[in-house]
Amino acid sequence: MTLLAFKQKLYTTLESHYPKTELDSFFKLILEDILELSKIDFALNPNMEVSGDSISKINKILNGLSQHQPIQHLIGFTEFMDLKLEVNQHVLIPRPETEELILWILNDFSKTISPNILDIGTGSGCIPIALSKKLENAKVSTIDVSNKAIETAKRNATYNKADVQFLHQDILATEKLTATYDVIVSNPPYVRNLEKVEIEKNVLDYEPHLALFVADDDPLIFYKKIAELALISLKPNGALYYEINQYLGKETVELLQNIGFKNIELKKDVFGNHRMIKASV
Ligand SMILES: C[S@@+](CC[C@H](N)C(=O)[O-])C[C@H]1O[C@@H](n2cnc3c(N)ncnc32)[C@H](O)[C@@H]1O
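Residues numbered from 1 in each chain as written. Predicted model: local features only at pLDDT ≥ 70, side-chain atom pairs only at ≥ 80, totals over all residues. Heavy atoms only, no water.

## Comments concerning the overall build of the protein chain
A count of helical and extended segments in the protein chain gives twelve helices and eleven strands. The globule rule puts the C-alpha radius of gyration for 281 residues at 19 Å, and the 21 Å found for the protein chain is close to it. By its C-alpha atoms, the protein chain is 65 × 40 × 35 Å across when sized along the principal axes. Here the protein chain holds 281 residues, and the buried ones make up 49% of them. At a minimum sequence separation of 6, the contacts of the protein chain that also span at least 24 residues come to 64%. (Helix = DSSP H or I, 4+ residues; strand = E, 2+ residues; numbered from the N terminus. Rg over C-alpha atoms; globule rule 2.2 N^0.38 Å. Buried < 20%, exposed > 50% of the residue type's maximum accessible area, 1.4 Å probe, protein only. Contact = heavy atoms within 4.5 Å.)

## Comments concerning the domain arrangement of the protein chain
For the protein chain, the domain assignment lists domain 1 (3–67) and domain 2 (81–280). Computed from C-alpha atoms alone, the centre-to-centre distance between domain 1 and domain 2 is 34 Å. (Domains from an automatic or database assignment.)

## Quick notes on the environment of Thr-78
Checked against the element boundaries, Thr-78 lands in strand E1 (residues 77–80). Measuring from C-alpha to C-alpha, the distance between Thr-78 and Thr-174 comes to 31 Å, with 96 residues separating the pair along the chain. Setting aside its immediate chain neighbours within four residues, Thr-78 contacts Gln-72, Leu-83, Lys-84, Leu-85, Val-87 and Pro-94.

## What about the side chain of Thr-174?
As for its placement among the helices and strands, Thr-174 is situated in the loop between strand E5 (164–168) and strand E6 (181–186). Look at Thr-174 and you get buried, because its relative accessible area is 6%. Those residues in contact with Thr-174 that lie beyond four places of it in its chain are Gln-169, Lys-225 and Leu-229.

## Topic: helix H12 (residues 249–259)
For H12, the set of buried residues is Gly-249, Thr-252, Val-253, Leu-255, Leu-256 and Ile-259. Around the axis of H12, the buried residues are gathered within 160° of arc, so they sit on the same side. Seen from the buried face of H12, the exposed residues on the opposite side, beyond 90 degrees, are Lys-250 and Asn-258. Next to the buried residues of H12 lie helix H11 (221–233), strand E9 (234–243), strand E10 (263–268) and strand E11 (274–280). (Arc of directions from axis to C-beta.)

## A short note on the packing of H11 against H12
Relative orientation of the contacting elements H11 and H12 amounts to 35°, with a least axis distance of 10 Å. Judged by the sense of rotation from one axis to the other, the crossing of H11 with H12 is right-handed. The residues of H12 that touch H11, namely those facing Tyr-223, Lys-224, Ala-227, Glu-228 and Leu-231, are Thr-252, Leu-255, Leu-256 and Ile-259. Residue classes in the contact of H11 with H12 are distributed as six nonpolar, one polar and two charged. (Axes fitted to C-alpha atoms, helices over the stretch in contact; angles between N-to-C directions. Left-handed = near helix turned anticlockwise from the far one by under 90°. Nonpolar A, V, L, I, M, F, W, Y, C, P; charged D, E, K, R; others polar.)

## Details of the pairing of strand E3 (residues 116–120)
Within E3, five of the five residues are buried, leaving the element largely enclosed by the surrounding structure. Here E3 shows no split at all, with Asn-116, Leu-118 and Ile-120 on one side and Ile-117 and Asp-119 on the other all buried. Two strands pair when backbone bridges link them, and E3 and strand E4 (residues 139–144) are joined in this way by five bridges, in the parallel orientation. Bridging from a neighbouring strand, Asn-116 pairs with Lys-139 of E4. Relative to E6, E3 runs parallel, the two being bridged by four bridges. When the bridges of E6 are listed, Leu-118 appears paired with Ile-184. (Pairing = 2+ DSSP bridges.)

Encoded structure:
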């Protein structure tokens, strides 16, 4: 099979499942990550033969994509803030809005000497690994209730040579944090069951529900618990950073006010949705 024949096969197999822009991005990812070629290589040599080994990998990926498996699972990793991170069914695939949250923290704490940072809800390790790599001498710990997520995140920390301390812990059952912090950050589960209708099949069927969903009648359960813990465990110039449910910005701000936070900033992501909050005491 030539590169051109592979491209045609990808588009004909998947055109009834995905919009064209997504097919373009699948083609680019498979070209780069499986065939280790660029779009320029393809443009210059569309009749290059694909090896038998690569053809069987590509067929497996096309088959998975036709069943709506996430491309990142099929390739085995994703890119996040210039880092390569393994992802699987036990961890949330890191999202672009989480990069925006990290950029906010980097902007605020790049001059702090050895900031002490706690991340709650490790997942792939995207937040603690990125902060540990990008903030010089940061001391970063992260908590998750999922052993499988922690195992994945540990592999990601090793691969990216990041120094992160991992804690297997249920934050909802935590009475007190064990240290004081310059930054407490969390992207906790926040999707209400009532929002399931908006969730794409590739997310609903293949990403961990433990990472995504909260009860309709208590959607801010994690925000409340973490804010109560943070109130007494943030250093005087420290700050709490949250990724939030875009539909619950006002409610999350009110919750933080009621708990005792004073400087509360609600921020929009690049798509104009309220997605992040920073608060301090
Ligand atoms: C929305 S995901 C965020 C993952 C990662 N931080 C990211 O931004 O991609 C939430 C994470 O919280 C973890 N989690 C769920 N319930 C928890 C609990 N009670 N205590 C600690 N972590 C929990 C899940 O396992 C999941 O990894």
